[in-house]
Amino acid sequence: MQNRTNGNAIVYVVDDDLDVREGLKSLFQSVGLRSHAYGSTAEFLNAKLPNEVSCLILDVRLPGLSGLDFQAELTRTQTTIPIIFITGHGDIPISVKAMKGGAVEFLSKPVREQDLLDAVRIALDRDLTRRDADSKTHEPRKRYNALSTREQQVMALVCAGMMNKQIAAESESARSP
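The structure presented is a predicted model; accordingly, all values stated were derived computationally and were not measured.

What counts, and where the lines are drawn
- What you see as residue numbers is a count from 1 along each chain, following the sequence as written.
- Where totals are concerned, whole chains, interfaces and linings use all residues; where local detail is concerned, this predicted model gives features only for residues with pLDDT of at least 70, and gives and counts side-chain atom pairs only at 80 or more.
- To obtain the side-chain values, all non-hydrogen atoms of the structure were used and water was disregarded.
- Buried and open spaces are told apart on a 1 Å grid over the protein atoms alone, a cavity being a set of points where a 1.4 Å probe fits but cannot get out and a pocket being an open set with protein on both sides within 12 Å along at least five of seven lines. Residues with an atom within 4 Å of a point are the lining residues.
- Grid points are joined across faces, edges and corners, and a volume is the space filled by probe spheres set on the points.
- Counting from the N terminus, the helices are the DSSP runs of H or I reaching at least four residues and the strands are the DSSP runs of E reaching at least two.
- Only Asp, Glu, Lys and Arg are considered charged in this grouping, and only Ala, Val, Leu, Ile, Met, Phe, Trp, Tyr, Cys and Pro are considered nonpolar; every other residue, Gly among them, is considered polar.
- Here the aromatic set is Phe, Tyr and Trp, taking the six-membered ring for Trp, and pairing holds for ring centres within 6.5 Å; pairs whose planes are under 30 degrees apart are stacked, those over 60 apart are edge-to-face, and all others are tilted.
- Buried means the residue's accessible area, taken with a 1.4 Å probe over protein chains only, is under 20% of the maximum for its type, while exposed means over 50%, and partly exposed covers the values in between.
- Here, a salt bridge means any Lys or Arg side-chain nitrogen found within 4 Å of an Asp or Glu carboxyl oxygen.
- The pairing criterion is simple: DSSP has to find at least two bridges between the two strands.
- Here the axes come from fitting lines to C-alpha atoms, over the contacting stretch only for helices, and the angles between their N-to-C directions go from 0 to 180 degrees.
- Here, residues are in contact when the closest pair of their heavy atoms is within 4.5 Å.
- Definition of nonpolar core: a set of buried residues of the types Ala, Val, Leu, Ile, Met, Phe, Trp, Tyr and Cys, connected through side-chain atoms within 4.5 Å.

Undergrad: Describe the layout of surface pockets, naming the residues involved and giving the relevant values.
TA: In this structure, the largest pocket occupies an estimated 310 Å³ of space. Lining the largest pocket are 16 residues, and of these L49, P50, T79, I81 and R131 sit closest to its centre. Elements supplying a minimum of two residues to the lining of the largest pocket: helix 2 (41-46) and helix 5 (113-146). The leading source of residues in the lining of the largest pocket is helix 5, at 3 residues. Classifying every residue of the lining of the largest pocket by side-chain character gives 8 nonpolar, 4 polar and 4 charged. Within this model, the second largest pocket holds a volume of roughly 220 Å³. Mapped by element, the contributors of at least two residues to the lining of the second largest pocket are helix 3 (67-76) and helix 5. Each residue belonging to the lining of the second largest pocket can be placed in one class, and the counts come to 6 nonpolar, 7 polar and 3 charged.

What follows is the structure, given as structure tokens:
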């Protein structure tokens, strides 16, 4: 389970059933995964979450904001954490909605442990891949933003394939009244 995530990954569990939360925490501990469990989406949102590879196991039926509504809220706020839904009351329309919303998996309770562990592995790998891609674009974006407005304009002309002489001519005509 600690393949590409180097053992730093965290599995978050949001379920209103204490027995389910404790059982899942024990399962993840048995395979060397860290986990944190919450009884509601509000409790999860109020937690200070570290910036580490993670995934969220989310019950569909929760008091207050349902799991599906919470998934939509996370999407709206551009919070990108892979979600695995678990439910004791699922049906096809609910599972289709969850999957269309980007869920990694939709599992029925009682959950088969290996199915859940497989889904967690996929979710953690997905989050790691996203983080790797984000880090590759972060430094160039940071450097670009450090350029002056004029330097950014010249950079756009360079990226458009213009030669130095063409850029100089373009710059000269832009300065002329």
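Undergrad: Describe the packing of aromatic side chains, listing the residues and the values that go with them.
TA: Scanning the model with the defined rule gives 5 aromatic pairs in all. Here Y12 and Y38 contribute two aromatic rings whose centre-to-centre distance is 6.4 Å and whose plane-to-plane angle is 35°, an arrangement assigned as tilted. Taken together, the positions of Y12 in strand 1 (residues 10-14) and Y38 in strand 2 (residues 34-38) put the pair 26 residues apart, joining distant regions of the chain. Both residues of the pair, Y12 and Y38, count as buried. Pairing Y12 with F44 gives two aromatic rings, centres 5.5 Å apart and planes at 70°, and the pair type is edge-to-face. Taken together, the residues span a long stretch of sequence, with Y12 in strand 1 and F44 in helix 2 at a distance of 32 residues. Since its relative accessible area comes to 4%, F44 is described here as buried.

Undergrad: Got a sec to walk through the pattern of salt bridges? Specific residues and values, please.
TA: Pairing of side chains with opposite charge becomes possible as their charged atoms draw close. For the structure shown, the criterion picks out 7 salt bridges. Where salt bridges share partners, they join D15, D59 and K109 into one cluster.

Undergrad: Outline the sheet that holds strand 2, supporting the account with residue identities and numerical values.
TA: Pairing is parallel across the open sheet formed by 5 strands, whose spatial order is 2-1-3-4-5. Bordering the open sheet on either side are strand 2 and strand 5 (105-108), each of which pairs with just one other strand. Between one strand axis and the next, the sheet turns through 20° on average, direction left out of account. One ladder, built from 5 bridges, connects strand 1 with strand 3 (residues 54-59); its direction is parallel. For V14, the partnering residue across the bridge sits in strand 3 and is L58. Lying over the sheet, helix 4 (residues 92-100) contacts strand 4 (83-87) and strand 5, oriented at roughly 150° with respect to strand 5.

Undergrad: Describe the nonpolar core, with residues and values.
TA: Ranked by size, the top nonpolar core spans 21 residues in total, and within it V11, F28, I57, I84, L116 and V120 carry the most contacts. For this core, the secondary structure elements donating two or more residues are strand 1, helix 1 (18-30), strand 3, strand 4 and helix 5. It is helix 5 that contributes the most residues to this core, 7 residues altogether. Apart from residues lying up to four places away in sequence, I57 is in contact with V11, Y12, V13, V14, L24, F28, I84, I86, L116 and V120. Residues Y12, V14, L58 and F106 belong to the second largest nonpolar core, which totals 18 residues.

Undergrad: So, the environment of Q78: which residues are in play, and what are the values?
TA: Inspection of the secondary structure puts Q78 in the loop between helix 3 and strand 4. For the pair Q78 and N145, spaced 67 residues apart in sequence, the C-alpha separation works out to 21 Å.

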